[in-house]
Amino acid sequence: MLQLNVKNETSRLRAVVLGCAKNNGPTPTADEAYDPKSLEHILAGTYPVEADMIKEMEAFNQVFQKYNVQVFRPNCIENYNQIFTRDIGFVIDDVFVKANILPERERELDAIQYVIDQIDPAKVVRPPEEVHIEGGDVMLWNDYIFIGTYKGSDYKDYITARTNMHGVNYIKELFPNKIVKEFDLVKSKLEARDNALHLDCCFQPVGKNKGIIYKSGFREESDYVFLVKLFGKENLFHITRDEMYHMNSNVFSIDENVVVSEKNFTRLNKWLRDNGFIVEEIPYAEIAKQEGLLRCSTLPLIRD
């Protein structure tokens, strides 16, 4: 049995589900795009090709091997995008929450059923239908659970709005001992530079007390101020609109002092090193074209 344990974003990682880029399927049509960034690359003819994405994911896998992390991969489904395992489920403490994702992505959950079968069934939950919540919007910080949402009345018109207030309230009820804080995120169907698809597109903690943040990703300045007060302004690395677009806040921590980052994130990687982090740089720029990066491709199961 897998003894799940995830209480924050940065403790030593022991087991993770890493997505899969094989049999990724043909380039989607413009109508099939789930987010403005994919759409941009579909229209420009620069949508990533499978071979490049497999290489990038393998580089990520190699870093996990280096740190002796147990890695599970989804069973590969023909012609199906299975890169972003973060969306399909998440672990809080010792509970595995199956996400209610976009219906056309349901099979991604089936592909990791063999992992879910290794978890105590009493610790696996599935929210009711009206609850929308994806792992990219759920961020654990010890006593806190941060959740990205969208409070606009036009929620249903946005395919980029993935977690609703039903989702926030569901987590509050499930974890009454935690402080659940929701963040109202900026969404755009058309301009990727103004679309925080998930909370991890504009914020992520690193280490014990630091974080990466994009101020304009929050619809309410008070949400941004909350994080500044909690972490301290001097502990936050502020990214630009362009760095947000390239997903600089979507790195992944293997330990409190080890961060996996994209090799082109020059400014961020320097800041991390200046602050005492070991930075494992890998190429991930092709996968980034689908508006997801390192955190999006992982589903942590066990951290110390």
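J.: Hey, could you run me through the packing of aromatic side chains in this one?
T.: When we look at a pair of aromatic rings, we describe it by the centre distance and by the angle of the planes. Within this structure, the stated rule accounts for 15 aromatic pairs. Judged by centre distance (6.1 Å) and plane angle (75 degrees), the rings of Tyr 144 and Phe 226 are edge-to-face. With Tyr 144 in strand S7 (residues 144-149) and Phe 226 in helix H6 (residues 221-231), this residue pair connects regions lying 82 residues apart in the sequence. Using a relative accessible area of 24% as the deciding quantity, one classes Phe 226 as partly exposed. When the ring of Phe 203 is compared with that of Phe 231, the centres are 5.6 Å apart and the planes differ by 70 degrees; the resulting orientation is edge-to-face. Residue Phe 203 is located in strand S9 (residues 203-206), and its partner Phe 231 is located in helix H6; the two are separated by 28 residues in the primary sequence. By relative accessible area, Phe 203 is classed as buried at 0%. Grouped by ring-pair contacts, the aromatic residues Trp 141, Tyr 144, Phe 146, Phe 183, Phe 203, Phe 218, Phe 226 and Phe 231 constitute a single cluster. Above the face of the Tyr 245 ring, Lys 37 is positioned so that its terminal group lies 4.4 Å from the ring centre. Residue placement shows Arg 107 over the ring face of Tyr 80; its charged tip is 4.6 Å from the ring centre.

J.: I tried to follow the nonpolar core on my own but got confused; where do I start?
T.: Generally speaking, a soluble globular protein has its nonpolar side chains buried in company with each other. By size, the foremost hydrophobic cluster in this structure holds 58 residues, and its most contacted members are Phe 60, Phe 64, Phe 146, Leu 199, Phe 203, Phe 218 and Ile 254. Sort the elements by how many residues they give to this core and helix H2 (residues 50-66) lands first, with five residues. Beyond its immediate chain neighbours, meaning those up to four positions away, Phe 64 contacts Leu 13, Val 16, Leu 18, Val 69, Val 71, Phe 252, Ile 254 and Thr 298. Core analysis: the next-biggest nonpolar cluster, separate from the first, contains 36 residues, Leu 4, Ala 99, Val 125 and Leu 140 among them.

J.: When you look at the sheet that holds strand S11 (residues 236-238) in this model, what are you seeing that I'm missing?
T.: The pairing of strands in a sheet happens through backbone hydrogen bonds and is either parallel or antiparallel. Here three strands make up an open sheet; going across it, the order is S9-S10-S11 and the pairing mixed. At either margin of the open sheet sits one strand with a lone partner, and together these are S9 and S11. In this sheet, adjacent strand axes meet at a mean angle of 20 degrees when their direction is disregarded. Of the pairings in the sheet, the one linking S9 to strand S10 (residues 210-213) comprises four bridges and is antiparallel in character.

J.: Explain the pattern of salt bridges to me, please; I cannot follow it from the model alone.
T.: Opposite charge on two side chains makes pairing possible when the charged atoms of those side chains draw close. By the definition in use, this model includes 22 salt bridges. Put simply, Asp 52 and Lys 55 hold a salt bridge, and the shortest N to O gap is 3.9 Å. In this pair, Asp 52 and Lys 55 are both assigned in helix H2, three residues apart and thus about one turn of the helix distant. When its relative accessible area of 29% is taken as the criterion, Asp 52 is described as partly exposed. Lys 55 gets classed as exposed once you look at its relative accessible area, which sits at 58%. Salt bridges here are not isolated pairs; linked through shared partners, they connect Glu 9, Asp 200 and Arg 295.

Thresholds applied
- Note on numbering: residues in each chain are counted from 1, in written sequence order.
- Selection of residues for local features in this predicted model requires a pLDDT of at least 70, selection of side-chain atom pairs for listing and counting requires 80 or more, and totals for whole chains, interfaces and linings are taken over all residues.
- Hydrogens and water molecules were not included; the side-chain quantities draw on all heavy atoms of the structure.
- What counts as a ring pair is set by centres within 6.5 Å for rings of Phe, Tyr and Trp (its six-membered ring), and what kind of pair is set by the plane angle: stacked under 30 degrees, edge-to-face over 60, tilted for all other angles.
- A helix here means a DSSP run of H or I that spans at least four residues, while a strand means a run of E at least two residues long, and both kinds are numbered starting from the N terminus.
- Each residue gets one of three labels from its accessible area relative to the maximum for its type: buried under 20%, exposed over 50%, partly exposed in between, using a 1.4 Å probe on protein chains only.
- Lysine and arginine charges are scored as sitting over a ring when NZ or CZ, respectively, is within 6 Å of the ring centre and within 35 degrees of the ring normal.
- Put simply, a nonpolar core is a bunch of buried Ala, Val, Leu, Ile, Met, Phe, Trp, Tyr and Cys residues held in one set by side-chain atoms that sit within 4.5 Å of each other.
- What makes two residues a contact is simply this: any of their non-hydrogen atoms within 4.5 Å.
- Pairing between strands requires that DSSP locate at least two bridges from one strand to the other.
- Working convention: axes come from line fits to C-alpha atoms, limited for helices to the stretch in contact. Angles between N-to-C directions cover 0 to 180 degrees.
- Salt bridges are defined by distance alone: a side-chain nitrogen of Lys or Arg within 4 Å of a carboxyl oxygen of Asp or Glu.

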